[in-house]
Amino acid sequence: MANIKFDASNVPAHAAAALLAPGAYDARIIEADLRPVRSGDGRALQIAFELTVPEHLGRIVWARLHIETRNAHVQQIAQQELAALCQAVGVRSLTDTRELLGKHARITLGIRRRDDGDTSNVVRAYAAATSTTLHQN
């Protein structure tokens, strides 16, 4: 264990982010990494998108694509989504996840309701970005 000196009373707690309205948002890929899935039967490509539109500048949304799994249907859907993302950002043949970093896309967000009733944003579609400029307020 590591020693740490932190007083939470001196730092305001981070409030949970509100859901974004369903719709299309310009974004930039800031992370893309293959990670093992919980079931242990494959890997998922986890992608972090930073929104670049003024009203949500800097907000981060994640997509998790199960591109290697025993479930052939899930794998097929994930590979189709990855193909759509690659086409949207102009990467024809992906050999390293770092090739996605810094690329801009227009992502369409929806809302997913989990079995426990919790809701979260989910990326539903990818298209070419309408702007590759980070807007400043």
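Everything that follows concerns the structure shown earlier in this document.
S.K.: Looking at this structure, how should I read the packing of aromatic side chains?
M.R.: Aromatic ring pairs are defined here through the distance separating the ring centres and the angle between the ring planes. Tallied over the entire structure, the rule returns one aromatic pair. Here F49 and Y126 contribute two aromatic rings whose centre-to-centre distance is 6.0 Å and whose plane-to-plane angle is 35°, an arrangement assigned as tilted. With F49 in strand β2 (residues 43-51) and Y126 in strand β5 (residues 119-128), the pair connects residues that are 77 residues apart, well separated along the chain. Here F49 matches Y126 in class, with each residue buried.

S.K.: How should I be thinking about helix α1 (residues 72-89) in this particular structure?
M.R.: Residue pairs spaced three or four apart in an α-helix point in one direction, given the helix's 3.6 residues per turn. Taking 1.5 Å of rise per residue, the 18 residues of α1 would be expected to cover 26 Å, and the 26 Å separating its terminal C-alpha atoms lies within 8% of that figure. Looking at the buried side of α1, the elements it contacts are β1 (23-36), β2, β3 (60-68), β4 (104-113) and β5. Between the side-chain oxygen at the start of α1 and the backbone nitrogen of H73 there is a gap of 3.1 Å, and the oxygen is on N71. Immediately downstream of α1, the backbone of G90 shows phi near 80°, a positive value.

S.K.: Hey, could you run me through the environment of A84 in this one?
M.R.: Topologically, A84 is positioned in helix α1. In sequence terms A84 and A128 are 44 residues apart; their C-alpha atoms lie 9.6 Å from each other.

S.K.: Help me out: how do you make sense of the pattern of salt bridges in this one?
M.R.: Any two side chains of opposite charge can pair, on the condition that their charged atoms come close. Tallying each qualifying case throughout the model produces seven salt bridges. The residue E50 makes a salt bridge to R28 at a minimum N-O spacing of 2.4 Å. Separated by 22 residues along the polypeptide, E50 in strand β2 and R28 in strand β1 bring together distant segments of the chain. For E50, a relative accessible area of 18% gives the class buried. We classify R28 as partly exposed; its relative accessible area is 23%. As a salt-bridge pair, R35 and D33 come within 3.5 Å of each other at their nearest N and O atoms. Take R35: its relative accessible area is 30%, and that puts it in the partly exposed class. What makes D33 partly exposed here is its relative accessible area of 36%.

S.K.: Would you take a moment to explain the pairing of β2 for this structure?
M.R.: Regular strands place their side chains on alternate faces of the sheet. With eight of nine residues buried, β2 lies mostly within the body of the structure. Alignment of β1 against β2, held across nine bridges, turns out to be antiparallel. Bridge pairing in β2 links A32 to I47. Linking β1 to β2, which pair antiparallel, is a turn of six residues; within it G40 sits at a positive phi near 80°. For β2 and β3, the ladder comprises seven bridges, and the chain directions are antiparallel. Within the sheet, the bridge partner assigned to L45 lies in β3 and is L65.

S.K.: In this structure, what is going on with the environment of V123? I would like to understand it.
M.R.: Locating V123 in the fold gives a position in strand β5. A sequence separation of 83 residues divides V123 from G40, and the C-alpha atoms of the two residues are 24 Å apart. Dropping the residues within four chain positions of it, V123 is found in contact with F49, V61, W62, A63, I107, T108 and L109.

Cut-offs applied
- Residues numbered from 1 in each chain as written.
- Predicted model: local features only at pLDDT ≥ 70, side-chain atom pairs only at ≥ 80, totals over all residues.
- Heavy atoms only, no water.
- Phe/Tyr/Trp six-rings, centres within 6.5 Å; stacked < 30°, edge-to-face > 60°.
- Helix = DSSP H or I, 4+ residues; strand = E, 2+ residues; numbered from the N terminus.
- Buried < 20%, exposed > 50% of the residue type's maximum accessible area, 1.4 Å probe, protein only.
- Expected span 1.5 Å × (residues − 1).
- Contact = heavy atoms within 4.5 Å.
- Polar contact = N/O pair within 3.5 Å; in protein donor to acceptor, adjacent residues only side chain to side chain.
- Salt bridge = Lys/Arg side-chain N within 4 Å of Asp/Glu carboxyl O.
- Pairing = 2+ DSSP bridges.

By themselves, these are just geometric observations and shouldn't be taken as functional.
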